[in-house]
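# Commentary on secondary and tertiary structure
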Amino acid sequence: MADTGVQPGSVDGIVRRARAGGLAAWVIRLRSTAIVLHLDGRGLLHLGYWGADGGSWNADDYLVDALPDRETAPHFLEGRPLAYPAYGDPSYREPCLVVVQPDGERELALSFTADRLVKHAGRPMLELELRDPRAGVRLMHELLLYGELDLLVWTVHVANYGERPLTLERVLSGSLPLPAGRYDCWMLRGRWGGEFQLERQELGHGAFVIGSRRGISSAEAHPWLAIAPRGETAEHTGRVWFASLAWSGNWTAMVELERGETLAASVGLQPFDFAWHLEPGERFSAPALVLGHAVDGLGGAARRLHDLERTVALPAAHRSVVRPVLYNSWEATYFDVRADQQIALARRAAELGVELFVVDDGWFGARDHDRAGLGDWRVNRRKFPRGLRPLIDEVHRLGMLFGIWVEAEMVNPDSDLFRAHPDWAYLPPSREPLLSRNQLVLNFARADVRAAILDQLHALLTEDGRIDFLKWDHNRPWLHVGWPEHPDRGREAWVRHVLGLYELLQTLRAEFPELLIETCSSGGARADLGMLALTDQAWVSDNTDAADRLPIQYGYSHAHSPSTMVNWVTDVPNHQTGRVSPLEFRFHVAMQGVLGIGGNISRWSEEEVQQAQRLVADYKRIRTIVQLGEQYWLLPPPPVGPCAVQYVSPDRRAVVLLLYQVRGGVGAGVPRVRLMGLDPARRYRRERDGAESTGAALMAAGLPVRFEPTQGWHPAIDYRSALQVWHAIDAR
Ligand code: GLA
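All of these numbers come straight from a predicted model, not from anything done at the bench.

When helices and strands are counted, the chain shows twelve helices and 39 strands. For a compact globule of 732 residues, the expected C-alpha radius of gyration is about 27 Å, and the chain comes in at 27 Å, within 12% of that figure. For the chain, the proportion of its 732 residues judged to be buried stands at 61%. Within the chain, counting contacts between residues at least 6 apart in sequence, those at least 24 apart form 68% of the total. Total accessible area on the chain is roughly 26,500 Å²; 51% of this is exposed by carbon and sulfur atoms. Distance from the positive charge centre (79 side chains) to the negative charge centre (91 side chains) of the chain: 4 Å.

So this is what it looks like as structure tokens:
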């Protein structure tokens, strides 16, 4: 290929134009990561290297002895680290891009045409453009670089610059090729009541595929994954490549070992039932994909993602401030909410130190049960005879914020909305609709449906006084998805619905800039980076059993910041499991993120109230460190035995240690956990008893996971927990 005309240059010392094997290349160097992109002889883009920084701006330094071309078929690309294989590239890998032209032609012959080193919102960005003039396809890669966060956000756009319409059948967000080797895939799998289970899958020959076809990102698999060399990577050590997809709908991750044992992980919109019509002049953008590499294991990957969420990804209004302690009425009163009873709960909540009082389901329409009311977002006058105002006023008078639950994308057939507009829901043309939780999904691909719902929400948020918080729920997987008004574009509804939801949330946020929003989907089925770009926090599971929550929270906090993870302390016996655990244990588990209370506090004894007051106060002293500091899982939650998680303030002066034992092992020893992330040169003192040590010693010798009282030996009592706070005591 002729010289591309790419001239040397750099943006902020992070990305530079270079040459590899005499052809154009780009070297990106983040805090500890180097990435080398380069062209091949036909103008295709390769991701030749992605890993630890090699200290060099010379692309060839990272590509010594790169694989030679196949002698008899140099154009064959099997085993090559293609950055974004398209249909027609002879790579025999899963393509990222499939475009159908009106004559049925699917072959693409994309070739590099231009690059630009620019600033986007103050950040360096590398743009790489490829074109296929015959098909009229222009492919644009935008690589937004976060040097200090050690992360890259990749966005792909496909434009039709020809004169004929095109159909996009697949547009993934990115693909990460890795050198031949043995790898594991870490993922967050789950189910209702057991979301975010961190699982390891050994990658063998063939493809390993996860994703969702449920309309939402799903509880079954979360759009996050990490690939790590087998046997090398653990929580705190080893190389790991990780990805988080900013998308709340159908998605896929396909990890494939292909010829020569080379591996590629491709992530993006689910190809199942995807098609997008692209008229001349139109452009389609794939969801943004966050990619990173760490040498400090899964924990290192998690901390990078936490930093991204807290400094860039979460809505700016609240991203760097601690979240209020909340109360939620769901498990206390379920659908039986009433004004006087909620006011009584609010008064008790304020006594406990709660800062945000949330009325859950049941306050609207004919919502006495889950068979009616969704779609009618007007206050139920039987339950709230004078509207919400007396409750809202009282909550504000008590010094708390007021929040309310909505499930705005849904409709019950038994609702005024459905009776007036049955065509607004996704319905099958030729059979009875299949209900789930007695409800249907509204077609949010339609602007008129979104506008009508927005009107209702607008009235709700303005009519009865200030509403400070919305819990935005979504409680059924989608079916019958289509768009009868545009039969040729029915498959676009899967994506248009999600984009429509994003647009609606953006509108709400613009109009109510102070509003806090919590994403919820039967628990944590839509707590992804796409929703977290528009909401402030997430309800991660309907399972409020503290013991069950430990692995859920452990998994969630590998992908998302603790400042977004809402956990409630609920009553015992627990409503989901029937288990009984001490109030202190339940609080200590809930303190790992955003503390909430979800029990029937009107019935709590005086002793429980006093204990809860003390524990809420404890939490308020540590929450800045938990929510905005660095998280280290020192011991993951095991079926039997202790577990430990630690948080360090950004200035390394304050350390919070939470220790748990769900099930004690009789005769088991007392493990020591070595603290992490401390300043080795400082002295630290424990709040409780004044014990002292240096940062270096606490990181080397550690502390025993022991619970009071110790009695000289270690009793195997279930549901123990402890909170330790250490402070640096020397000025430096
Ligand atoms: C879902 C949510 C719960 C609760 C109920 C209300 O299940 O996950 O927290 O809000 O809906 O119906």
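Bringing the pairing of strand β12 (residues 183–189) into the picture now. The side chains of a regular strand alternate, residue by residue, between the two faces of the sheet. Of all seven residues in β12, six are buried, a share of seventy percent or more. Examined bridge by bridge, β12 and strand β15 (residues 221–229) share six bridges and lie antiparallel to one another. Its bridge partner lying in β15, Asp184 is registered against Ala228.

What follows deals with the sheet that holds strand β4 (residues 33–39). Read from one edge to the other, the open sheet built from five strands follows the order β1-β2-β3-β4-β5, with strand pairing classed as antiparallel. With one partner strand each, in any of the chains shown, β1 (10–11) and β5 (45–52) form the two edges of the open sheet. Sheet topology places β4 next to β5; seven bridges connect them, and they run antiparallel. Counted as the bridge partner of Leu37 is Leu47 from β5.

Glancing now at the nonpolar core. Ile28, Leu37, Phe357, Trp363 and Trp472 are the most contacted members of the largest nonpolar core, which totals 209 residues. For Ile28, the contacting residues outside a window of four places in its chain are Ile14, Val15, Thr33, Ala34, Ile35, Leu37, Leu126, Leu143, Leu145 and Leu152. In terms of nonpolar packing, the next biggest core, distinct from the first, is built from 18 residues, Tyr632, Leu634, Ala644 and Val705 among them.

Not every one of the 13 residues close to the ligand is listed here, only the nearest: Asp360, Asp361, Arg437, Lys471 and Asp542. When isolated, the ligand has an accessible area of 310 Å², and the protein chains bury 96% of it. In the shell around the ligand, the residues fall into four nonpolar, three polar and six charged.

Okay, the domain arrangement of the chain next. Here the chain is described as being made up of domain 1 (14–313), domain 2 (316–537) and domain 3 (635–728). In this structure, domain 1 and domain 3 have C-alpha centres spaced 40 Å apart.

Tallied over the entire structure, the rule returns 55 salt bridges. For Asp368, the salt bridge is made with Arg382, and the minimal N-O distance between the two is 2.8 Å. Separated by 14 residues along the polypeptide, Asp368 in the loop between β23 (356–359) and α4 (389–397) and Arg382 in the loop between β23 and α4 bring together distant segments of the chain. Its relative accessible area of 39% is what places Asp368 among the partly exposed residues. Arg652 serves as the salt-bridge partner of Glu630, at 3.7 Å between the closest nitrogen and oxygen. Remark: Arg652 occurs in the loop between β33 (642–648) and β34 (654–661) and Glu630 occurs in strand β32 (residues 630–635); sequence separation between them is 22 residues. For Glu630, a relative accessible area of 23% puts it in the partly exposed group. For Arg652, a relative accessible area of 27% corresponds to the partly exposed category. Put simply, Asp184, Arg200, Glu202 and Arg230 are held in one network by salt bridges that share partners.

For the structure on display, the rule yields 23 aromatic pairs. Judged by centre distance (4.4 Å) and plane angle (40°), the ring pair of Phe364 and Trp377 falls under tilted. Of the two residues, Phe364 sits in the loop between β23 and α4 while Trp377 sits in the loop between β23 and α4, which places them 13 residues apart along the sequence. Ring plane angle 90° and centroid distance 6.1 Å describe the contact between Phe585 and Tyr660, whose orientation is recorded as edge-to-face. Residue Phe585 is located in helix α10 (residues 583–590), and its partner Tyr660 is located in strand β34; the two are separated by 75 residues in the primary sequence. Comparing Phe585 with Tyr660 shows no difference in burial state: the two are buried. In textbook terms, an aromatic cluster arises when at least three aromatic residues are bridged by ring pairs, as seen for Phe272, Tyr426, Trp478 and Trp494. We note Arg29 situated over the ring of Trp57; from NZ or CZ to the ring centre the distance is 4.8 Å.

So, about the side chain of Glu235. Relative to the helices and strands, Glu235 is located in the loop between β15 and β16 (240–245). With near-sequence residues (within four places) excluded, Glu235 lies in contact with Asp296, Gly297, Leu298, Gly299, Gly300, Tyr554, His558 and Trp633.

Next up on the list: the packing of helix α9 (residues 546–559) against α10. Two numbers describe how α9 lies on α10: the axes approach to 10 Å, and their chain directions differ by 15°. By the angle between their axes, α9 is roughly parallel relative to α10. In terms of crossing hand, the pair formed by α9 and α10 is left-handed. On α10, the residues touching Ala546, Ala547, Arg549, Leu550 and Gln553 of α9 are Phe585, Arg586 and Val589.

As a further point, take the sheet that holds strand β36 (residues 683–686). Spatially, the six strands line up as an open sheet ordered β32-β33-β34-β39-β36-β37, and their pairing is antiparallel. Edge positions in the sheet fall to β32 and β37 (692–694), since each has one partner strand and no second. Geometrically, the sheet is characterised by an average inter-axis angle of 25° between neighbouring strands, direction not taken into account. Relative to β37, β36 is paired through three bridges, and the arrangement is antiparallel. Counted as the bridge partner of Arg685 is Glu692 from β37.

With that settled, consider the layout of surface pockets. Its volume calculated, the largest pocket comes out at about 990 Å³. Lining the largest pocket are 45 residues, with His38, Gly48, Ala66, Leu67 and Pro81 positioned closest to its centre. Split by residue class, the lining of the largest pocket holds 25 nonpolar, eleven polar and nine charged. As a volume, the second largest pocket reaches approximately 800 Å³. Forming the walls of the second largest pocket are 30 residues, and the residues nearest its centre are Val153, Ala246, Ala288, Ala313 and Ala533. Within the residue set of the lining of the second largest pocket, elements represented by two or more residues are β8 (123–132), β9 (137–146), β10 (151–160), β20 (283–285), α1 (297–313), α7 (493–511) and α8 (529–532). Sorting elements by how many residues they give to the lining of the second largest pocket places α7 first, with five residues. Partitioning the lining of the second largest pocket into residue classes produces 22 nonpolar, five polar and three charged. In terms of domain composition, the lining of the second largest pocket takes at least three residues from each of domain 1 (14–313) and domain 2 (316–537).

Parameters at a glance
Residues numbered from 1 in each chain as written. Predicted model: local features only at pLDDT ≥ 70, side-chain atom pairs only at ≥ 80, totals over all residues. Heavy atoms only, no water. Helix = DSSP H or I, 4+ residues; strand = E, 2+ residues; numbered from the N terminus. Rg over C-alpha atoms; globule rule 2.2 N^0.38 Å. Buried < 20%, exposed > 50% of the residue type's maximum accessible area, 1.4 Å probe, protein only. Contact = heavy atoms within 4.5 Å. Areas by Shrake-Rupley, 256 points an atom, 1.4 Å probe, with all protein chains shown as cover. Lys, Arg positive; Asp, Glu negative; His and termini not counted. Charge placed at Lys NZ, Arg CZ, Asp CG, Glu CD. Pairing = 2+ DSSP bridges. Core = buried A, V, L, I, M, F, W, Y, C linked by side-chain atoms within 4.5 Å. Near = heavy atom within 4 Å. Nonpolar A, V, L, I, M, F, W, Y, C, P; charged D, E, K, R; others polar. Domains from an automatic or database assignment. Salt bridge = Lys/Arg side-chain N within 4 Å of Asp/Glu carboxyl O. Phe/Tyr/Trp six-rings, centres within 6.5 Å; stacked < 30°, edge-to-face > 60°. Lys NZ or Arg CZ within 6 Å of the ring centre and 35° of its normal. Axes fitted to C-alpha atoms, helices over the stretch in contact; angles between N-to-C directions. Parallel < 35°, antiparallel > 145°, perpendicular 65-115°, else oblique. Left-handed = near helix turned anticlockwise from the far one by under 90°. 1 Å grid on protein atoms, 1.4 Å probe; cavity = no way out; pocket = protein on both sides within 12 Å on 5 of 7 lines; lining within 4 Å. Points joined across faces, edges and corners; volume = space filled by probe spheres on them.

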